[in-house]
Amino acid sequence: PYTTLFRSLRLAAATAFWQQRLISNFEYLMELNTLAGRSPNDLAQYPVLPWVLSNYEAERLDLDDPANYRDLSKPVGALNEERLELIQQRYEEFEDPENVVPKFHYGSHYSSEGVVLYYLLRIEPFTTLALELQGGKFDHADRMFFSMRQTWENALTNLSDVKELVPEMFYQPEVLRNDNGFPLGVRAGGKRVDDVELPPWASSADEFVALHRRALESDIVSSMLHRWIDLIFGYSQRGKVAIEACNTFYYLTYEGEVDVDSIPDVHLRAATLEQIRHFGQTPMQLFKRRHNPRAEATGIPRSIRDPAAWEASHIQPFIIRPFSDLAAPPAGE
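Residues numbered from 1 in each chain as written. Predicted model: local features only at pLDDT ≥ 70, side-chain atom pairs only at ≥ 80, totals over all residues. Heavy atoms only, no water.

*Asks:* Residues and numbers for unusual backbone geometry, please.
*Replies:* A cis amide bond links Glu124 with the next residue in sequence, Pro125, at an omega value of 5 degrees. Here Pro125 shows up in the loop between helix H4 (113-120) and helix H5 (126-133). The backbone of Asn99 sits at a positive phi, close to 55 degrees, despite the residue not being glycine. Following the sequence through the fold, Asn99 ends up in the loop between helix H3 (81-93) and H4. (Helix = DSSP H or I, 4+ residues; strand = E, 2+ residues; numbered from the N terminus.)

*Asks:* So, the packing of helix H2 (residues 25-35) against helix H8 (residues 219-233): which residues are in play, and what are the values?
*Replies:* Two packed helices can be described by the angle between their axes and the distance between those axes. The contact between H2 and H8 brings their axes to 12 Å, and the two run at 10 degrees. When the interaxial angle is binned, H2 and H8 end up roughly parallel. Facing Asn25, Tyr28, Leu29, Leu32 and Asn33 of H2, the residues of H8 in contact are Val221, Ser222, Leu225, Trp228, Ile229 and Phe233. Classifying every residue of the contact of H2 with H8 by side-chain character gives eight nonpolar, three polar and no charged. (Axes fitted to C-alpha atoms, helices over the stretch in contact; angles between N-to-C directions. Parallel < 35°, antiparallel > 145°, perpendicular 65-115°, else oblique. Contact = heavy atoms within 4.5 Å. Nonpolar A, V, L, I, M, F, W, Y, C, P; charged D, E, K, R; others polar.)

*Asks:* So what about H2? Which residues, and what values?
*Replies:* Most of H2 is tucked away, with eight of its eleven residues classed as buried. Considered for burial, the residues of H2 that qualify are Asn25, Phe26, Tyr28, Leu29, Glu31, Leu32, Asn33 and Leu35. Taken from the residues just after H2, Gly37 is the one with a positive phi, measuring 90 degrees. (Buried < 20%, exposed > 50% of the residue type's maximum accessible area, 1.4 Å probe, protein only.)

*Asks:* Kindly report on the nonpolar core, identifying the contributing residues and their values.
*Replies:* The biggest cluster of nonpolar side chains holds 81 residues, and the ones touching the most others in it are Tyr119, Met169 and Leu176. Of all the elements in the fold, those that place two or more residues in this core are helix H1 (2-19), H2, H3, H4, H5, helix H6 (148-157), helix H7 (205-216) and H8. Sorting elements by how many residues they give to this core places H8 first, with nine residues. Dropping the residues within four chain positions of it, Leu176 is found in contact with Arg122, Phe145, Met148, Met169, Asp195, Val196, Leu198, Ala205, Phe208 and Val209. Within the second largest apolar cluster, eight residues are counted, among which are Val101, Tyr250, Leu252 and Phe279. (Core = buried A, V, L, I, M, F, W, Y, C linked by side-chain atoms within 4.5 Å.)

*Asks:* Account for the packing of H4 against H5, naming residues and giving values.
*Replies:* The N-to-C vectors of H4 and H5 enclose an angle of 130 degrees; their axes lie 9 Å apart at closest approach. What the angle tells us is that H4 and H5 run oblique. In this structure, H4 crosses over H5, and the sense of that crossing is left-handed. For the pair H4 and H5, the contacting residues are Glu113, Val116, Leu117 and Leu120 in the first and Phe126, Thr127, Leu129, Ala130 and Leu133 in the second. Residue composition of the contact of H4 with H5, grouped by class: seven nonpolar, one polar and one charged. (Left-handed = near helix turned anticlockwise from the far one by under 90°.)

*Asks:* I'd love a proper account of empty space enclosed by the protein, names of residues and values included.
*Replies:* Overall, the coordinates contain one cavity of 30 Å³ or more when judged by the stated rule. Computed from the structure, the largest cavity encloses a volume of approximately 60 Å³. Lining the largest cavity are Pro75, Val76, Gly77, Tyr106, Tyr110, Val162, Glu164, Ile232, Asn247 and Phe249. (1 Å grid on protein atoms, 1.4 Å probe; cavity = no way out; pocket = protein on both sides within 12 Å on 5 of 7 lines; lining within 4 Å. Points joined across faces, edges and corners; volume = space filled by probe spheres on them.)

That's the geometry; what it means functionally is another story.
Listed below in structure tokens is the structure:
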């Protein structure tokens, strides 16, 4: 109960700070990941951040043009209408003969051990972890993280690819460079896999990360980010709303859907745990109602200029007072 109360208070405070623009989009998303049980120490529950851009071909990136941004009101799997039709058809036709597995839209997940290692292959300890996953050798070169444009296009068109991003894509350019000179192989077309191929608008990994972070913090993303939060951490994550949003995944990815400890067969229990670990896990649901949007940059209350006044009106109501204070009568009584 105490842990639940603490999480609720911390979540309410973080949400209020974000809505009033006292913390960045990146900071808020990382806080939500933490409160939802995501951790850099767990590849199966690694922090997840969204694709925010959709233009990886232009020579110059205009961060004020909405056309350069991904629609954050839809899951990755629903961004391409043609692919979505196939996904919906597959969803409607699916029937489990044993009536154990509920219908689901996606047979892969937006965040999993494999997805994390795909993005972070070029830096340790993820290089070693990827080698362990692949039996001591690197995966086939054609399946590696080779190009930002190609990775984005694959996430738009491939029926089995709906991955989002990892936080490092917004602050750590080293994940895009093969500084350690790992032998990552040669693709079918003859190209050697080395540094990640960047969009034309980024001359270096450092510039890409800087522009990528600016995009994440832009007013355009700020105006839509609450919709993505609904999909991943909130209102549209489960139930009828998730079905309508084409946002359902294999049932084992959801918290509480199966009691592993109650499985009597040792081998089946181990297999279930292994499947959950490798397939990916949907974050803990933090919000049961639609998330409110962020305040517009031009409409920030003047009180924010006085942090102490803002804290008194927004944060102090969430602070638990000591029982001695609660028991004391008001002055003059």
